[in-house]
Amino acid sequence: GFYLLKDRAERRVNELLDEAFDSSGGEKKSRKLVQIFDDISNELCRVADLAEFVRSTHPDAEFRESADQTFGQISQIVEKLNTNFKLYSKLKRETESVERIEAAGLDECDIRVSKLYLLDFEQSGIHLDERTRNKFVQVNDDLINVLMKFQINSQTPSSLNSQDVDKKFNQM
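Let us look at the structure shown here. (Residues numbered from 1 in each chain as written. Predicted model: local features only at pLDDT ≥ 70, side-chain atom pairs only at ≥ 80, totals over all residues. Heavy atoms only, no water.)

1. Notes on the side chain of Ser-114
At step 1: Examined against the element boundaries, Ser-114 turns out to sit in helix α6 (residues 108-123).
At step 2: On the basis of relative accessibility, which here comes to 0%, the residue Ser-114 falls in the buried class.
At step 3: Polar contacts involving the side chain of Ser-114 include one to the main-chain carbonyl oxygen of Asp-110, which spans 2.8 Å.
At step 4: If sequence neighbours within four positions are ignored, Ser-114 has contacts with Val-34, Leu-91 and Thr-95. (Helix = DSSP H or I, 4+ residues; strand = E, 2+ residues; numbered from the N terminus. Buried < 20%, exposed > 50% of the residue type's maximum accessible area, 1.4 Å probe, protein only. Polar contact = N/O pair within 3.5 Å; in protein donor to acceptor, adjacent residues only side chain to side chain. Contact = heavy atoms within 4.5 Å.)

Shown next as structure tokens:
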């Protein structure tokens, strides 16, 4: 089921990206860009949060493995979005002047949320040249995979011979 959840979320994110870049002025364009960003975030977080919970708590190893893979895939999608210069530029342009803010109909909350999204972009190296940005995404993907393996292995019980433990701990 995790594959289906991830696949559905990915399709929906792509639809939302199409909506964000739609310049036809159609009915969909009546939504604020920050609302579209929020919907993208919700789509991804719903799957990631469930996968994170299951991979950390489920007693069945197959469920944990499936959830782990899904969590990694969602994390990769997030990193790709956070390093999408076209997406970043569109949001930055919308919030760079009072005129654009007013034209987009942004209120104080919208502006604050937009700035938080921009900060996420910047923490993902959006300011780097494309080659360096792509390398950043790859290194981050590798880091996420290592961290996930570490977390899984940290929950695996280990047995120690009492003779290998410092004597001060054997007295307990």
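Read on, since the account is not over.
2. What to know about the packing of helix α1 (residues 2-21) against helix α2 (residues 33-57)
At step 1: At a closest axis distance of 9 Å, the pairing of α1 and α2 adopts a crossing angle of 170°. In terms of axis orientation, α1 runs roughly antiparallel to α2. Only Leu-33, Ile-36, Asp-39, Ile-40, Glu-43, Leu-44, Val-47, Leu-50, Ala-51 and Val-54 of α2 make contact with α1, whose side of the interface consists of Phe-2, Leu-5, Lys-6, Ala-9, Arg-12, Val-13, Leu-16, Leu-17, Glu-19 and Ala-20.
At step 2: Looking at the contact of α1 with α2, its residues break down into 15 nonpolar, no polar and 5 charged. (Axes fitted to C-alpha atoms, helices over the stretch in contact; angles between N-to-C directions. Parallel < 35°, antiparallel > 145°, perpendicular 65-115°, else oblique. Nonpolar A, V, L, I, M, F, W, Y, C, P; charged D, E, K, R; others polar.)

3. Description of the pattern of salt bridges
Opposite charge on two side chains makes pairing possible when the charged atoms of those side chains draw close.
At step 1: Per the counting criterion, the structure on display carries 10 salt bridges.
At step 2: With a shortest N-O distance of 3.0 Å, Glu-10 and Lys-6 are connected by a salt bridge. Of this pair, Glu-10 and Lys-6 both sit in helix α1, 4 residues apart, which is roughly one turn of that helix.
At step 3: Look at Lys-6 and you get buried, because its relative accessible area is 10%.
At step 4: Taking the shortest distance from any N to any O, the salt bridge between Arg-100 and Glu-96 comes out at 3.6 Å. (Salt bridge = Lys/Arg side-chain N within 4 Å of Asp/Glu carboxyl O.)

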